[in-house]
Amino acid sequence: MYKNQRGKLEAGVLHYALAFPIDEVSQLTGLPGDADSKLYDEISERQAELLDSHPALAFMELIRLDRRSGRIVCLAATGPGEEAARVPRAGDSLDGTPDARPVLELAGGAKTAVRLFHRDWLDKRWVSAYARAGEPQEPVNGEPLMNVLRYDVDASYWIRHISESVLWRVFTVWVALGLPFAAYTLGRFRNRQSVRLREFGEAIEQTKTAIVISSFDSVINYVNPAFCAQIGYEKNELMGLKWRIWRCAEPEPREIERRLEILRTGASVEVEWEFCRKDGRTYPVRTTLTPVRNESGSVDTMILVIVDITGQKKRDAALLLEKEQAEQMDRAKSVFLHAMSEEVGVPLRNLVALSGSLRAMPLNSEQEGYAEIIQKSTGTLVRLTDDILDFSHITAGQVKISPVLAEPRVLIEETLDIVAPQAAQKNIVLLRNIMRDVPRAIIIDGTRLRQVLLNLAGNAIKFTKNGEVEIRLKVISSGNAGGNDPANRNRMSLLFSVRDTGIGIAREDQEKLFIPFWQADSTNVRRYGGAGLGLAISRHLIHMLGGDICVESEPGKGSVFHFSVTCELPPDAAPPETMPELERARILVVSDCPGLASELRREISARGAATAAISPDDFDGLDCDTWDAIVVDCGAARDDGAWRGFVEKITLRTIPIIGLMDTGADAMARLRMSGAFCALLPKPAHYDELVRALANATRTALEGRRA
């Protein structure tokens with residue numbers, strides 16, 4: 001019987017394979033682009049028509065094997081509408097799938113191949129048959145391809161026909177050998193079925209899980225003892241009733257219909273309800289409803305697995321209560337920290353101001369030392385209370401972002417101005433590198449952005465013994481570059497980077513840097529100070545500005561902190577314009593710091609001037625007549641013969657020299673330098689101011705050259 005039914009299955013796939021001619025199928029490429037072709041649509045429609053021609057057919061697929069590469073791909077497939085999302089698409093790889101073995105059998109010379117009793121995602125059983133849709137083709141590259149047709153038959157339909165064949169054979173035996181032998185054969189068959197049913201029934205009766213079997217309209221046909229114990233009723237009290245009457249609340253009609261539609265497709269539904277026991281007490285349940293199809297394929301029975309989740313709900317409620325209590329304690333802590341920081345901060349600031357006034361008075365060396373200790377200690381306490389105050393504001397949700405018009409270049413210059421005295425004490429060079437496509441003005445909370453920059457730059461200087469600290473800025477995305485969404489058209493993302501040449505951070509410590517009160521090395525607290533709040537505050541503020549922060553670092557090689565922000569562009573946003581006064585100017589840069597020399601040249605050249613850079617060691621061979629103006633880093637102005645000779649050369653030729661001097665330099669140093677320069681500007685330089693000074697200094701020379 002089995003062989004006959006399998007023979008019909010194989011004959012069927014050979015018959016259907018004739019519906020897909022070789023010349024037609026070979027035009028498919030096996031790539032996703034086939035799905036857009038007219039031929040693909042025609043083949044898919046033909047597959048659907050063949051499926052409709054037989055009630056047991058549910059799936060049909062054309063498959064291609066490339067003998068050279070061994071790759072197996074889907075050409076076209078058609079299945080039930082409710083499973084459309086799971087049907088393979090054109091170009092999908094079938095390598096390593098259950099389809100691979102039958103396809104390789106055909107490649108080995110088999111006429112057909114069969115895959116029996118496999119289950120789909122709904123646990124339904126199928127029988128699949130495979131046959132070649134045509135002989136192997138020879139493509140342009142000379143390697144053969146083989147096209148295969150697969151179709152699936154409902155296993156219950158296939159088994160039913162085998163069973164009918166079995167019964168027909170038994171009937172034949174009955175007629176041929178007599179009633180006793182046939183009755184004996186049928187009896188043994190029925191006994192085996194009875195044993196299996198009894199074992200299945202005993203398992204359901206003995207399980208601790210509540211199980212109900214009902215009709216599709218909810219009338220109870222069976223309940224097991226576990227459900228009776230759960231609901232409090234006897235079995236005979238439940239038979240014939242609808243299980244829905246124990247629900248404490250009926251779902252919305254629209255929701256009920258949605259679930260029924262899912263059940264009609266054969267899929268299970270899981271829901272949570274409140275059930276009512278016989279004594280009136282309610283309890284929460286999680287119910288899984290599984291539909292059962294009859295022989296005609298329609299759903300007429302449901303199996304309900306009902307789990308009492310009272311314990312789980314209590315645990316969830318306890319966890320929620322603990323979470324709320326923890327949040328309440330955290331808010332109380334934040335309020336306390338805020339109040340204490342306010343109370344402590346005011347007298348500390350008064351002490352800082354008084355210590356500054358004290359140091360301005362005539363003091364002897366011992367008194368100066370005491371005053372300096374007082375000023376540094378109170379300054380440290382002020383910074384600590386400010387961090388605690390900021391952190392308490394953030395954790396209490398009291399920090400708001402207020403976007404206003406701001407200039408990113410000015411924010412960076414102000415940041416460098418604030419940290420410059422601290423950097424000068426350690427001979428650290430402060431640099432900046434701002435890409436030319438950064439707009440002059442943006443709409444953002446400039447106060448919060450400057451706070452982040454100050455925090456990162458201050459940390460960079462704190463953990464750097466000597467070398468450089470650099471702030472970089474570039475555009476990483478702009479709404480004007482593409483996209484039609486009006487909400488994003490004027491939005492821009494900027495990337496800031498703060499680089500230092502300091503002690504660096506181990507990889508395993510980098511993720512912990514942003515945890516409040518955490519520091520990579522406990523010795524840093526004693527050596528560098530701080531409470532470990534700065535980076536945690538910065539990350540919160542950056543998230544509020546629509547960005548994120550990360551770090552790149554190696555111990556001993558410095559660190560780079562990158563953070564992004566999202567801003568809006570004002571209608572007239574544009575990069576800085578080129579100043580025409582410098583278009584033909586020749587500017588020489590003198591500095592013994594390669595980084596600063598490169599920055600000065602980059603910024604001045606961007607305004608149209610021709611530039612070059614030398615170090616103080618190159619003073620002797622300098623041809624001064626080549627240049628219209630000279631910019632000198634006063635850190636390179638050494639008190640030696642080379643510097644004095646350089647100044648004499650410049651003075652004789654009346655070439656303007658502009659000096660850049662540390663903002664923390666004292667009055668005597670400025671007086672000593674002022675005689676050699678036509679202008680002394682602060683360092684770090686403000687480039688708009690520097691360019692204006694260069695334009696004024698070179699105007700006479702440029703007008704004479706143009707004349």
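As the structure is a computational prediction, the values presented were derived from the model and not from experiment. (Residues numbered from 1 in each chain as written. Predicted model: local features only at pLDDT ≥ 70, side-chain atom pairs only at ≥ 80, totals over all residues. Heavy atoms only, no water.)

### Some details on the sheet that holds strand β22 (residues 679-683)
Here is step 1: The strand order across the open sheet formed by five strands is β19-β18-β20-β21-β22, and the pairing between neighbours is parallel. The strands lining the two open edges of the sheet, one partner per strand, are β19 (610-614) and β22. Averaged over all adjacent pairs, the angle separating strand axes in this sheet is 25°, with direction ignored.
Here is step 2: Here strand β20 (residues 629-633) pairs with strand β21 (residues 657-662) via four bridges, running parallel. Looking at β21, one finds that I630 is bridged to I657.
Here is step 3: The sheet contacts of helix α17 (residues 594-605) involve β18 (586-590), β19, β20, β21 and β22, and relative to β19 the element is tilted by about 170°. (Pairing = 2+ DSSP bridges. Helix = DSSP H or I, 4+ residues; strand = E, 2+ residues; numbered from the N terminus. Axes fitted to C-alpha atoms, helices over the stretch in contact; angles between N-to-C directions. Contact = heavy atoms within 4.5 Å.)

### Notes on unusual backbone geometry
Here is step 1: In this model, K683 is joined to P684 through a cis peptide bond whose omega is 10°.
Here is step 2: Within the element layout of this structure, P684 appears in the loop between β22 and α20 (687-706).
Here is step 3: A positive phi angle, close to 80°, is found at S218, a residue other than glycine.
Here is step 4: Assignment of secondary structure puts S218 in the loop between β6 (210-215) and β7 (220-223).
Here is step 5: Judged by relative accessible area, S218 falls into the buried class, the value being 3%.
Here is step 6: Although it is not a glycine, N427 sits at a positive phi angle of roughly 55°.
Here is step 7: Structurally, N427 is set in the loop between α12 (408-425) and β12 (428-434). (Buried < 20%, exposed > 50% of the residue type's maximum accessible area, 1.4 Å probe, protein only.)

### A word on helix α9 (residues 253-264)
Here is step 1: Here α9 is twelve residues long and its end C-alpha atoms lie 16 Å apart, about the 16 Å a rise of 1.5 Å per residue gives.
Here is step 2: Taken from the residues just after α9, G266 is the one with a positive phi, measuring 100°. (Expected span 1.5 Å × (residues − 1).)

### Some thoughts on the packing of aromatic side chains
Here is step 1: One pass over the structure, following the stated rule, counts six aromatic pairs.
Here is step 2: Judged by centre distance (6.3 Å) and plane angle (85°), the ring pair of F275 and Y283 falls under edge-to-face. Assigned by exposure class, F275 and Y283 land together as buried.
Here is step 3: Both rings, one in F496 and one in F563, keep their centres 5.1 Å apart while their planes meet at 5°; by these two values the pair is stacked. With F496 in strand β15 (residues 491-500) and F563 in strand β17 (residues 559-568), the pair connects residues that are 67 residues apart, well separated along the chain.
Here is step 4: F563 gets classed as buried once you look at its relative accessible area, which sits at 0%. (Phe/Tyr/Trp six-rings, centres within 6.5 Å; stacked < 30°, edge-to-face > 60°.)

### Observations concerning helix α13 (residues 446-462)
Residues spaced three or four apart along an α-helix face the same direction, because each turn holds 3.6 residues.
Here is step 1: Helix length check: α13 (17 residues) gives 24 Å between terminal C-alpha atoms against 24 Å at 1.5 Å per residue, within 8%.
Here is step 2: Within the sequence span of α13, burial applies to G446, L449, V452, L453, N455, L456, A457, G458, N459, A460 and I461.
Here is step 3: For α13, the N-terminal capping position is held by D445, with its side-chain oxygen 3.3 Å away from the main-chain nitrogen of T447. (Polar contact = N/O pair within 3.5 Å; in protein donor to acceptor, adjacent residues only side chain to side chain.)

### What about the side chain of T415?
Here is step 1: For T415, the location among the structural elements is in helix α12.
Here is step 2: For T415, a relative accessible area of 0% gives the class buried.
Here is step 3: Only 2.8 Å separates the side chain of T415 from the backbone oxygen of L411, close enough to count as a polar contact.
Here is step 4: Among residues more than four places away in sequence, those in contact with T415 are R450, L453, L454, A457 and I471.

### Details of the environment of I373
Here is step 1: Looking at where I373 falls in the secondary structure, it is placed in helix α11 (residues 365-395).
Here is step 2: For I373, a relative accessible area of 51% puts it in the exposed group.
Here is step 3: Put simply, I373 and S355 are 18 residues apart on the chain and 9.2 Å apart in space, counted from C-alpha to C-alpha.

### Description of a negative patch on the surface
Here is step 1: Taken together, D36, D41, E42, E45, E49 and D52 make up a surface patch of like negative charges.
Here is step 2: Considering the arrangement of structural elements, one finds D36 in the loop between α2 (22-25) and α3 (38-52). (Patch = residues over 30% accessible without salt bridge, like charges linked within 9 Å, V, L, I, M, F, W, Y side chains within 5 Å. Areas by Shrake-Rupley, 256 points an atom, 1.4 Å probe, with all protein chains shown as cover. Salt bridge = Lys/Arg side-chain N within 4 Å of Asp/Glu carboxyl O. Lys, Arg positive; Asp, Glu negative; His and termini not counted. Charge placed at Lys NZ, Arg CZ, Asp CG, Glu CD.)

### Quick word on the confidence of the model for the protein
Here is step 1: Counting all residues, the mean pLDDT for the protein is 79, and 76% of those residues have values of 70 or more.
Here is step 2: Here residues 136-142 is a poorly scored stretch, pLDDT under 50, and it has 14 contacts once near neighbours within four places are set aside; other chains count.
Here is step 3: Counted against residues more than four places away or in other chains, residues 170-175, with its pLDDT under 50, gives eight contacts. (pLDDT = per-residue confidence, 0-100.)

### A few points about the packing of α13 against helix α16 (residues 534-544)
Here is step 1: As a packed pair, α13 and α16 sit with axes 10 Å apart at the nearest point and diverge in direction by 150°. Classified by the angle their axes make, α13 and α16 are roughly antiparallel. The element α13 and its partner α16 pack so that their crossing is left-handed. Where α13 approaches α16, its residues R448, Q451, V452, N455, L456 and N459 are matched on the opposing element by G534, L535, I537, S538, L541 and I542.
Here is step 2: A class-by-class count of the residues in the contact of α13 with α16 yields six nonpolar, five polar and one charged. (Parallel < 35°, antiparallel > 145°, perpendicular 65-115°, else oblique. Left-handed = near helix turned anticlockwise from the far one by under 90°. Nonpolar A, V, L, I, M, F, W, Y, C, P; charged D, E, K, R; others polar.)

### Focus: the state of the cysteines
Here is step 1: Taken as a whole and judged by the stated rule, the model has zero disulfides.
Here is step 2: For C276, which is in no disulfide, the shortest distance to another cysteine sulfur is to C248 and amounts to 5.2 Å.
Here is step 3: C276 sits in the partly exposed class, given a relative accessible area of 25%. (Disulfide = S-S within 2.5 Å.)

### Structural notes on the pattern of salt bridges
Opposite charge on two side chains permits pairing when their charged atoms draw close.
Here is step 1: Overall, the coordinates contain 33 salt bridges when judged by the stated rule.
Here is step 2: Measuring nitrogen to oxygen at the nearest pair gives 2.7 Å for the salt bridge that ties R281 to D279.
Here is step 3: We note a salt bridge from E568 to R491, for which the minimum N-O separation is 3.5 Å. Placement of E568 in strand β17 and of R491 in strand β15 is noted, with a sequence separation of 77 residues between them.
Here is step 4: With relative accessibility at 38%, the residue E568 sits in the partly exposed group.
Here is step 5: Judged by its relative accessible area of 31%, R491 falls in the partly exposed class.
Here is step 6: Ionic contacts of the salt-bridge type, sharing partners, join the residues E61, D99, R115, R150 and D152 into one network.

### Observations concerning a nonpolar patch on the surface
Here is step 1: Taken together, L358, M361 and I374 make up a surface patch of nonpolar side chains, about 260 Å² in accessible area.
Here is step 2: Here L358 shows up in helix α10 (residues 310-359).
Here is step 3: Among the residues examined, L358 registers a relative accessible area of 34% and is labelled partly exposed.

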